[in-house]
Amino acid sequence: MESTIVVMVVFAGALFLGLPIAFGLIVASIVGLMMLRGFPVSLSALSTMPYANVSDIGLAVIPLFILMGFLASKAGVSAKAYDVAYRLVGRLPGGLAISTVFACAAFAATSGSSVATSAAVGRIALSEMRRFRYADAISVGTVASAGLLGIMIPPSIMLVVYGIITQEDIGSLLLAGILPGILTAFIFCLGLFVIALWKPHLMPVSHERFSWREKLSSIRHAWGIVLLFTIIIGGIYTGIFTVTEAAGVGAVTALILAFCKRDVPFAEILGGGRQAVSATAMIFLILIGAGLFSQYIALSGLATDFARMLTATDLNRYVILLLILLAYIPLGMFLEPISMCLITLPIVYPAVTALGFDPIWFGIIVVKMSELANITPPIGVNVFVIRGIAPDVPLGKVFQGASIFLVFEIITLAILIAFPAIATFLPELARQS
Amino acid sequence: DVKLVFSTHVGQNSASQQQYEDYFRELKERTNGYVGLKDRFYSQALIKATEQLKGVGSGLADVGYFCTGYAPALLPLTSMAELPYVTEKGDALSSAIAELYDSYPPLREEFHRQNVELLAMDASSATIIGVNKVVNSSAELEGMKVRAYGDLGAIAKANGLVPVPMSTADIYTSLQTGAIDGYFGIPLWMPAPENWLEFTKTLIAPGVGTYYTCGLAMNLDVYKALPDNAKNAIAELRREFPAKSIEVVKKGDAASVAKAEEMGVKFYRFTPAEVEQWKEKVDYPALVQEWIKTRSERTDADVAAFVKLFQSTLAKIEPASTYKQEFPE
Amino acid sequence: MRKWFEGTIVRGSGTLGALALILLGLVVTFEVVLRAFGFAIVGGVEISAILLAVLVFAGLSFTQATDGHVTMEAVVNLTPPAYRRASQVLSLLICTGTSGLMTWGTATQAIRSYTTKEFQFGTTHFPLWPTKAVVAIGLGLLTIMFLLQALSAVRAWRSRTDVEGG
Ligand code: NA
Ligand code: NA
């Protein structure tokens with residue numbers, strides 16, 4: 001307990017001093033691990049974590065999708081796609097942001113990670129929404145948050161992790177994610193629409209009118225993005241490649257498209273590569289810090305003690321559920337979602353199911369809490385991905401944009417708690433057939 | 001009394017973890033409650049699979065589960081027990097290691113070099129292959145993409161399969177999308193709880209034998225600080241553990257077989273000729289020499305001598321084994 | 001010194017990272033294409049792993065030089081401007097120390113990996129030390145970058161001028 005206070009003070013002090021967030025986490029974790037298990041253990045954790053974090057080749061999706069986005073922009077693929085979207089839905093309040101949510105939802109159906117989804121769609125969408133004078137907070141908030149659909153709409157790394165920890169049927173869990181994923185996308189679109197009506201200057205609508213003929217004929221200009229998405233989505237669904245491999249194939253496809261557009265010099269492609277590398281290095285350093293920090297949190301027993309205490313009370317089961325969910329918010333602020341679930345679920349899951357809650361439904365709720373964790377400050381990996389793609393946007397602005405979606409997320413969460421059938425309907429249907 | 005931090009990379013409810021829940025209960029009883037657990041971390045919550053042994057050695061956790069496959073260079077002698085085509089009887093294999101740990105000092109020394117004491121060695125289950133089509137001979141496996149790592153990948157490749165290396169965590173989605181047609185290098189108890197049976201048409205016993213060696217290790221400083229009666233209890237349990245472990249494995253295997261039968265999965269056991277053919281294609285004697293060579297570069301101990309000793313110890317213990325890979329014929 | 005280091009070493013490692021990233025995409029695609037024709041290439045995963053390490057760790061110093069490691073700007077802006085320059089010096093020194101400690105720790109790991117001939121459990125007996133060496137070298141360059149920025153910050157603090165970066 002006393003180590004936790006020291007660690008929090010060190011972390012806050014580091015942020016006030018202006019240390020990079022990653023180093024704030026690393027310094028706080030060194031101190032925490034030292035207090036719990038001594039300096040040699042702390043040093044050993046510090047020595048092994050950098051390699052351990054980069055040795056997971058599955059993480060290659062992050063740089064590859066970011067590179068794909070940069071190259072697709074250079075090839076003019078993204079601009080054309082948004083020109084088409086502008087003609088089709090430009091007169092609809094919030095139309096381009098809503099299109100971005102659709103793009104993320106489509107991409108989420110192939111990718112199991114929210115970071116990969118934000119990375120893949122983010123760069124393409126962001127500069128285009130800005131080109132059409134959407135407010136920065138809306139643009140960055142949309143790409144940071146719509147990426148969250150990646151872990152709800154199957155496939156989903158989080159649902160697989162939940163299934164592995166709890167031994168629940170992974171197939172059922174993935175089925176259960178479909179409707180909540182669609183619901184989330186719907187609430188995001190509705191919310192954007194309402195904001196666009198309420199504050200039109202944030203998302204200016206088109207004053208140009210396009211005839212249906214113009215609209216339809218413009219679609220052929222979008223062939224680049226259609227090709228890119230067909231290769232990625234088609235390749236994954238036909239089993240030609242895995243999601244990690246799709247990121248590589250996507251990057252190479254975008255590279256070829258950039259080469260085909262004759263006026264993109266190699267130096268510019270290399271520049272795009274350097275920007276992708278810079279974003280990746282920033283994200284991985286934070287992941288290293290987050291890895292150390294979660295080792296500290298695990299060993300401190302803080303999360304487990306708290307979960308044990310909560311689950312041992314005999315309050316109304318909905319009150320306990322609410323308290324558990326409330327506890328996930330501060331945990332999610334500091335921990336990366338997979339670590340958060342690994343540390344807490346072995347205690348929380350048996351307690352929640354003992355209270356009579358549906359385990360498949362609870363999996364969906366846990367994914368929602370993981371989504372929140374990805375966009376809440378100070379450690380929100382999705383937010384960092386977007387900040388890496390758009391280094392000129394202040395971090396505060398990205399969190400501000402994401403906070404709008406936090407409201408949408410909480411509304412969605414309330415609906416899922418009120419109507420558990422949204423999650424359990426499809427798996428039950430599958431079981432009966 | 002001492003309260004230990006435990007770390008494992010496997011799930012809380014997996015067959016391999018259940019054995020260790022029993023182990024710690026037993027250890028606590030035999031030390032009159034002196035040695036117990038404080039916190040348990042499953043599924044890599046504290047330490048990544050590849051770093052487990054180092055994490056225990058450095059003291060990040062006090063006790064932890066490790067697989068030599070993740071760190072073959074750190075335990076060159078022990079990792080020789082992962083050689084394919086040695087035995088199907090996992091209890092005999094782990095008993096042999098436990099016996100040599102006490103009688104053959106170089107084996108114990110390689111654990112001590114990692115600053116850990118070996119507490120127990122799992123009884124592993126013989127490796128199977130699962131594929132998404134009906135198969136009635138080894139030849140029908142040709143051209144199939146199967147998840148396989150290491151030298152099992154080499155065996156698969158030599159026999160016309162396409163090995164795709166990936167962690168077990170990625171198998172489910174890869175089967176779902178068709179990125180792989182099946183999996184190799186998996187214990188029989190695993191396909192049911194991992195839900196791979198959904199995509200499995202045939203479970204195959206290729207006669208490759210046990211292929212993984214995993215166990216429980218304790219930080220050496222923690223071990224040395226224990227009183228003698230606790231150390232004695234640990235030594236006793238190390239000898240007794242394989243026989244208990246194999247019972248859990250058998251239960252898990254039976255559950256997997258029952259679920260597979262219920263789902264209409266076919267079973268196929270390689271004929272002795274097919275087993276021999278696979279062994280020949282991969283040039284088994286050369287493989288063994290290669291293993292001895294790579295390990296010899298990493299230890300001063302005489303690896304070839306150890307292999308001989310290991311095999312003679314195994315031959316002595318094998319008849320007492322209670323294990324047989326039960327396939328419905 | 002700082003100009004030279006940033007202009008050559010740091011920029012060079014940024015370019016190296018970019019090339020590693022593009023190569024990673026090509027290796028992965030090549031593997032997919034070959035597999036579609038029923039061939040398996042040995043070592044693809046291991047090559048990808050080392051390329052990932054190169055692009056991340058070569059990128060660390062480049063990212064610091066271009067101010068890419070995110071800080072909580074909103075929180076920093078709450079502190080009084082008078083202390084800002086002193087806190088920048090302190091912050092960069094803490095980063096230098098921490099990064100130095102990580103360099104030392106990961107270098108020890110890399111050397112141990114080399115001497116024990118550590119290898120990966122994969123389709124080939126692929127050595128791990130080159131990847132671990134990349135990790136240590138990348139962190140080493142980051143440490144030097146932090147140190148040079150700290151020295152600039154000290155100089156600026158003394159002469160009371162503003163510094164860019166860091
Ligand atoms: Na998804
Ligand atoms: Na967060």
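Only a predicted model underlies this, so the values are computations on that prediction, with no experimental measurement involved.

**Student:** Describe in detail the nonpolar core, supporting the description with residues and values.
**Tutor:** One finds Phe-65 and Phe-362 of chain A together with Tyr-23, Leu-141 and Leu-203 of chain B to be the most contacted residues of the largest nonpolar core, which totals 326 residues. Broken down by element, this core gets its largest block of residues, 20 residues, from helix 16 (residues 266-300) of chain A. Ignoring anything within four residues of it in the chain, the contact list for Tyr-23 of chain B reads Leu-119, Ala-120, Leu-216, Ile-234, Leu-237 and Phe-241 of chain B. In terms of nonpolar packing, the next biggest core, distinct from the first, is built from six residues, Phe-5, Val-10, Phe-62 and Leu-148 of chain C among them.

**Student:** Go over the interface of chain A and chain C with me, naming the residues and quoting the values.
**Tutor:** At the junction of the two partners, chain A supplies 54 residues and chain C supplies 59 residues. Applying the counting rule to chain A against chain C returns six residue pairs in polar contact (both at pLDDT 80 or more). Elements with a contribution of two residues or more to the side of chain A that touches chain C: helix 1 (2-17), helix 2 (21-37), helix 3 (39-54), helix 4 (61-74), helix 15 (243-260), helix 16, helix 21 (381-389) and helix 22 (395-418) of chain A. No other element matches the 14 residues that helix 16 of chain A contributes to the side of chain A that touches chain C. Looking at the side of chain A that touches chain C, its residues break down into 41 nonpolar, nine polar and four charged.

**Student:** With reference to specific residues and values, describe the packing of aromatic side chains.
**Tutor:** For the structure shown, the criterion picks out 33 aromatic pairs over all chains. Ring plane angle 85° and centroid distance 5.1 Å describe the contact between Phe-188 of chain A and Phe-405 of chain A, whose orientation is recorded as edge-to-face. Here Phe-188 of chain A, found in helix 12 (residues 178-198), pairs with Phe-405 of chain A, found in helix 22; they are 217 residues apart in sequence, far enough to count as distant. Residues Phe-188 of chain A and Phe-405 of chain A agree in their burial class; the two are buried. Between Tyr-318 of chain A and Phe-357 of chain A the ring centres are 5.4 Å apart and the planes differ by 85°, which places this aromatic pair in the edge-to-face class. Placement of Tyr-318 of chain A in helix 18 (residues 317-334) and of Phe-357 of chain A in the loop between helix 19 (337-354) and helix 20 (359-375) is noted, with a sequence separation of 39 residues between them. In this structure an aromatic cluster arises from ring pairing among Phe-6, Tyr-20, Tyr-23, Phe-24, Tyr-65 and Phe-241 of chain B.

**Student:** If you had to explain the coordination of the sodium ion (ligand 2) to someone new, which residues and values would you point to?
**Tutor:** Protein coordination at the sodium ion (ligand 2): the donors are Gly-332 of chain A (O), Met-333 of chain A (O), Ala-373 of chain A (O), Thr-376 of chain A (O), Thr-376 of chain A (OG1) and Ile-379 of chain A (O), at 2.3 to 3.1 Å from the metal. Its six donor atoms give the sodium ion (ligand 2) angles of 72 to 158° at the centre, a pattern that matches the irregular case.

**Student:** Please give an account of helix 5 (residues 105-113) of chain B that cites residues and values.
**Tutor:** All names here are of chain B. Here helix 5 has its buried residues at Leu-107, Glu-110 and Phe-111. Taken around the axis of helix 5, the buried residues stretch over an arc of 100°, which confines them to a single face. As for helix 5, its buried residues are in contact with strand 3 (63-67), helix 3 (76-79), helix 4 (90-103), strand 4 (116-121) and helix 12 (303-317). One or two steps after helix 5, the chain reaches Asn-115, where phi turns positive at roughly 60°.

**Student:** Let's hear about the side chain of Ser-118 of chain A: which residues, and what values?
**Tutor:** Residues and elements named next belong to chain A. With respect to the helices and strands, Ser-118 occurs in helix 7 (residues 114-131). Classification of Ser-118 by relative accessible area gives buried; the value is 0%. A polar contact of 2.9 Å, which involves the side chain of Ser-118, links it to the backbone oxygen of Val-143.

**Student:** Please give an account of the UniProt feature "domain: TRAP C4-dicarboxylate transport system permease DctM subunit" (unreviewed entry) in chain A that cites residues and values.
**Tutor:** In the UniProt entry, the feature "domain: TRAP C4-dicarboxylate transport system permease DctM subunit" (unreviewed entry) is given for residues 9-422 of chain A. In the segment residues 9-422 of chain A, helix accounts for 79% and strand for 0%; the C-alpha atoms at its two ends are 42 Å apart.

About the criteria used
Residues numbered from 1 in each chain as written. Chains lettered and ligands numbered in written order. Predicted model: local features only at pLDDT ≥ 70, side-chain atom pairs only at ≥ 80, totals over all residues. Heavy atoms only, no water. Core = buried A, V, L, I, M, F, W, Y, C linked by side-chain atoms within 4.5 Å. Buried < 20%, exposed > 50% of the residue type's maximum accessible area, 1.4 Å probe, protein only. Helix = DSSP H or I, 4+ residues; strand = E, 2+ residues; numbered from the N terminus. Contact = heavy atoms within 4.5 Å. Polar contact = N/O pair within 3.5 Å; in protein donor to acceptor, adjacent residues only side chain to side chain. Nonpolar A, V, L, I, M, F, W, Y, C, P; charged D, E, K, R; others polar. Phe/Tyr/Trp six-rings, centres within 6.5 Å; stacked < 30°, edge-to-face > 60°. Donors = N, O, S within 2.8 Å, 3.2 Å for Na, K, Ca; no water. Tetrahedral: all angles 85-135°; square planar, octahedral: opposite > 155°, others 65-115°. Arc of directions from axis to C-beta. UniProt positions renumbered as here; feature names shortened; annotations may be inferred.

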